[in-house]
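Examining the three-dimensional arrangement
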Amino acid sequence: RSRWIIIASFLIILLGAILYSYTVEPEYEAVTSIIIDKNGTMERSIFEYSTFGSQGKLIANQVEIIKSRKLTERVIKRLDQSDVRDSLSIFQPNEDGEYRTLRGMVGHIRYNTEVNNKRDTDIIEVKYTANSSFEAAFISNAIAEDFRRADAQSHRSEISDLRIFLEKQLNKKG
């Protein structure tokens, strides 16, 4: 009698596991790594100063920028203009036939994105989870690319501001 209880329990658990594995949607994760330049700001490069712990703050700031709503909205605009737009789930209607709003898309991407600093490194990992491997990789790479573009634009702005400052100082002397 106890043998049949054990066998029945095993079969129920086995059938439950099989049913679960065939009915659950697969989840794929893609990880993109970004290395943060230690000589990140123009002021540090030109005036050769550094403060203890400033690199940790720089990395933490970059992580928050990647997680930000503004960067996510840029990513959505870029995805909307991509050739693969129609294959991405954020642009597909839900069960009721309704499309997501911008706010809904931002929430969806931010919910499925995990941003971490690898311990004791200057590397930030961006992990995106989706129901297809292509979508996970594509959106993860899009986040990293838009961060790179925003960072480059910030550096160009720093250089421009520094040039204007130096020109003003030279005009005062001259």
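Structure report, in brief. Not measured: the values here are computed from a predicted model.

**Remarks on the pattern of salt bridges**
- Taken as a whole and judged by the stated rule, the model has 9 salt bridges.
- A salt bridge links Arg 163 to Glu 167; its shortest N-O distance comes to 2.9 Å. With Arg 163 and Glu 167 both in helix H6 (residues 133-173) and 4 residues apart, the pair spans about one turn of that helix.
- Here Arg 163 falls in the partly exposed class, since its relative accessible area comes to 46%.
- Classification of Glu 167 by relative accessible area gives partly exposed; the value is 39%.
- Where salt bridges share partners, they join Asp 80, Arg 85 and Asp 86 into one cluster.

**A few points about the side chain of Thr 129**
- Among the secondary structure elements, Thr 129 is positioned in strand E3 (residues 123-130).
- For Thr 129, a relative accessible area of 16% puts it in the buried group.

**Brief notes about the nonpolar core**
- In terms of nonpolar packing, the biggest core is built from 29 residues, with Ile 66, Leu 79 and Ile 143 touching the most fellow members.
- Elements that contribute at least two residues to this core include exactly strand E1 (28-35), helix H3 (54-67), helix H4 (69-80), helix H5 (102-112), E3 and H6.
- A per-element tally of this core places H6 first, with 7 residues.
- Apart from the residues within four sequence positions on either side, Leu 79 is in contact with Arg 85, Leu 88, Ile 90, Phe 91, Ile 109, Phe 138, Ile 139 and Ala 142.

**Some words on H6**
- If you check H6, its first and last C-alpha atoms are 60 Å apart, about what 41 residues at 1.5 Å a residue would give, namely 60 Å.
- Considered for burial, the residues of H6 that qualify are Glu 135, Ala 136, Ile 139, Ser 140, Ala 142, Ile 143, Ala 144, Asp 146, Phe 147, Ala 150, Glu 158 and Leu 162.

**Thoughts on the packing of aromatic side chains**
- This structure, assessed with the given rule, holds 1 aromatic pair.
- With a centroid separation of 5.4 Å and an interplanar angle of 25°, the aromatic rings of Phe 134 and Phe 138 are classed as stacked. With Phe 134 and Phe 138 both in helix H6, this residue pair falls 4 residues apart, about one helical turn.
- Judged by relative accessible area, which is 40%, Phe 134 ranks as partly exposed.
- A relative accessible area of 27% means that Phe 138 is categorised as partly exposed.

Basis of the calculations
Residues numbered from 1 in each chain as written. Predicted model: local features only at pLDDT ≥ 70, side-chain atom pairs only at ≥ 80, totals over all residues. Heavy atoms only, no water. Salt bridge = Lys/Arg side-chain N within 4 Å of Asp/Glu carboxyl O. Helix = DSSP H or I, 4+ residues; strand = E, 2+ residues; numbered from the N terminus. Buried < 20%, exposed > 50% of the residue type's maximum accessible area, 1.4 Å probe, protein only. Core = buried A, V, L, I, M, F, W, Y, C linked by side-chain atoms within 4.5 Å. Contact = heavy atoms within 4.5 Å. Expected span 1.5 Å × (residues − 1). Phe/Tyr/Trp six-rings, centres within 6.5 Å; stacked < 30°, edge-to-face > 60°.

Bear in mind that shape data such as this cannot, by itself, settle questions of function.
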